[in-house]
Amino acid sequence: MAHYLVTGGCGFIGSHLADRLIADGHRVTILDDLSTGRLENKPTLARLVVGDIADQQAVREAMEGVDGVFHLAAIASVPRSREFWAETHRTNLSGTITVFEAARAARNGAPVPVVYASSAAVYGDNTATPLREDAATRPLSAYGADKLGCELHARVAWEIHGVPTVGFRFFNVYGPRQDPASPYSGVISIFARKVSRGEEVTIYGDGQQVRDFVFVGDVVRFLVRAMERRPQGAAQGADVFNLCTGRPTSLLMLLDVLQELCGSRVRRVHLPPRPGDIRVSIGDPARLRAGFDDVCRVGLLQGLGATLTGE
Ligand code: NAD
Ligand code: UD2
């Protein structure tokens, strides 16, 4: 049994991870400021520290004595990073550096490993399809720029401070508990709720933009695996992998499948594309497969079914 810190553990992905760690018999401490995370998401057996990820003392205290850190706390919205540039930077990059710094001496003065969330947003307007990890990073948003900054600081964490890390460039993650009520939330959670209620959906742009949707259960499996065993072929103590399926889905296709599953047709309103929006974002999962001897297993139909039933 190990003791892990999950930052952002009351959020969508972090709470699924915390559930899994507890089910595996581990001790879990969560550090979360409950800004988008919810108390109801916290597993009963997890200890919650309510605090800010950029507060050095709060992070140090929450990390005291743990065997490893899953760092998921962030302001996970591209439009919010446009509206609140400096505020999101503080959480998304300064917060990550605060985590790496505390990880240098978390267990009896020795470093502990950190598995953290990067994002496909680091590729920005690179139009390569599919995107391999060695594709040029050209973030278009403050969010993407900060996630790239996290990767650069992860390298410093390892090379200078001996903190081993694994970063995952999540593509578009979806599943139960992703907040359907917030306009900043993921498109699947928003569309799933609207279509199931027969309400009108808003499409930014022509709806032909393409995403690589990954089910949250697959994400959790890779996070846990990266903590337990260093991936094969990881040449260094700071490595980065795409977390993706390699399968493209346009928004219009997504809407069709949801309407089919719900047996309803809804009205669609088109608004101009969001500034900084990426047109095509498809990852190449080859390195993920080689490093972990595993792939994302949940197909879109199955994952959307689980999202609609909340299971
Ligand atoms: P989420 O908003 O549900 O979870 C983020 C959690 O972090 C929330 O519980 C929130 O309260 C907490 N948090 C925010 N600011 C904080 C702060 N200053 N101090 C402490 N806690 C804070 O989002 P999510 O979708 O679960 O995202 C988890 C991670 O995955 C994030 O790092 C996000 O950038 C990354 N990511 C998500 C996606 C996706 O498709 N959902 C894609 C790429 C990367
Ligand atoms: C997602 C993640 C982000 C980042 C990125 C990786 C969320 C909330 N954001 O950003 O954290 O890591 O992936 O590249 O998970 N859209 C509509 N109507 C709506 C909502 C969205 O048309 O009501 C469009 C939106 O303009 C975009 C697409 O749907 O073209 C996906 O939007 P999103 O907010 O789900 O995710 P994205 O790709 O901007």
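None of these values were measured; they are calculated from a predicted model.

## What about the site of ligand 1?
Next up, step 1: Every one of the 29 residues lining ligand 1 counts as a neighbour, but Phe12, Asp32, Thr36, Tyr143 and Val173 are closest to it.
Next up, step 2: One nitrogen or oxygen atom from the main chain of Ile13 is found 2.9 Å from an oxygen atom belonging to ligand 1.
Next up, step 3: Sort the elements by how many residues they give to the shell around ligand 1 and strand β5 (residues 114–119) lands first, with three residues.

## Looking at the packing of helix α8 (residues 251–262) against helix α10 (residues 300–309)
Next up, step 1: With their axes 11 Å apart at the nearest point, α8 and α10 run at an angle of 60 degrees to one another. Classed by the angle they form, the pair α8 and α10 counts as oblique. Viewed along their axes, α8 and α10 form a crossing whose handedness is right-handed. Across from Leu254, Val257, Leu258, Leu261 and Cys262 in α8, the residues of α10 making contact are Leu301, Leu304, Gly305 and Leu308.
Next up, step 2: Split by residue class, the contact of α8 with α10 holds eight nonpolar, one polar and no charged.

## Considering the confidence of the model for the protein chain
Next up, step 1: In this model, the protein chain carries a mean pLDDT of 96, and residues with pLDDT of at least 70 account for 99%.
Next up, step 2: Across the interfaces of the predicted complex, the ipTM metric reaches 0.97, alongside a pTM of 0.97.

## Some thoughts on the sheet that holds strand β2 (residues 27–32)
Next up, step 1: The parallel open sheet is built from seven strands, whose spatial order is β3-β2-β1-β4-β5-β6-β11. In the strand order of this sheet, the two ends are held by β3 (47–50) and β11 (238–243), each with one partner. Direction aside, the axes of adjacent strands within the sheet are offset by 20 degrees on average.
Next up, step 2: Pairing of strand β4 (residues 68–71) with β5 involves three bridges; the strand directions are parallel.

## A short note on the site of ligand 2
Next up, step 1: Taken together, 21 residues lie around ligand 2, and Ser119, Val187, Thr202, Arg211 and Asp277 are the ones closest in.
Next up, step 2: Contact between ligand 2 and Tyr143: an oxygen atom at 2.9 Å from a side-chain N or O atom of the residue.
Next up, step 3: The backbone of Thr202 places a nitrogen or oxygen atom 2.8 Å from a nitrogen atom of ligand 2.
Next up, step 4: If ligand 2 stood free it would expose 730 Å²; the protein chains cover 91% of that surface.
Next up, step 5: Of all elements in the fold, only α6 (187–197) and β8 (201–204) reach the threshold of two or more residues within the shell around ligand 2.
Next up, step 6: A per-class count over the shell around ligand 2 returns eleven nonpolar, seven polar and three charged.

## Some points on the environment of Phe213
Next up, step 1: Inspection of the secondary structure puts Phe213 in strand β10 (residues 213–215).
Next up, step 2: The exposure class assigned to Phe213 is buried, which follows from its relative accessible area of 7%.
Next up, step 3: Each C-alpha atom of the pair Phe213 and Leu243 lies 9.9 Å from the other, and the pair is 30 residues apart in sequence.
Next up, step 4: Dropping the residues within four chain positions of it, Phe213 is found in contact with Asn172, Tyr174, Val187, Ile188, Thr245, Arg247, Thr249, Leu254 and Leu300.

## Here's the deal with the side chain of Ser77
Next up, step 1: Within the secondary structure layout, Ser77 lies in the loop between β4 and α3 (78–83).
Next up, step 2: The class of Ser77 is buried, set by a relative accessible area of 4%.
Next up, step 3: In this structure the side chain of Ser77 is engaged in a polar contact, spanning 3.1 Å, whose partner is the backbone nitrogen of Arg80.
Next up, step 4: Apart from residues no more than four positions distant in its own chain, Ser77 is found in contact with Tyr143 and Tyr184.

Rules used throughout
Residues numbered from 1 in each chain as written. Chains lettered and ligands numbered in written order. Predicted model: local features only at pLDDT ≥ 70, side-chain atom pairs only at ≥ 80, totals over all residues. Heavy atoms only, no water. Near = heavy atom within 4 Å. Polar contact = N/O pair within 3.5 Å; in protein donor to acceptor, adjacent residues only side chain to side chain. Helix = DSSP H or I, 4+ residues; strand = E, 2+ residues; numbered from the N terminus. Axes fitted to C-alpha atoms, helices over the stretch in contact; angles between N-to-C directions. Parallel < 35°, antiparallel > 145°, perpendicular 65-115°, else oblique. Left-handed = near helix turned anticlockwise from the far one by under 90°. Contact = heavy atoms within 4.5 Å. Nonpolar A, V, L, I, M, F, W, Y, C, P; charged D, E, K, R; others polar. pLDDT = per-residue confidence, 0-100. Pairing = 2+ DSSP bridges. Areas by Shrake-Rupley, 256 points an atom, 1.4 Å probe, with all protein chains shown as cover. Buried < 20%, exposed > 50% of the residue type's maximum accessible area, 1.4 Å probe, protein only.

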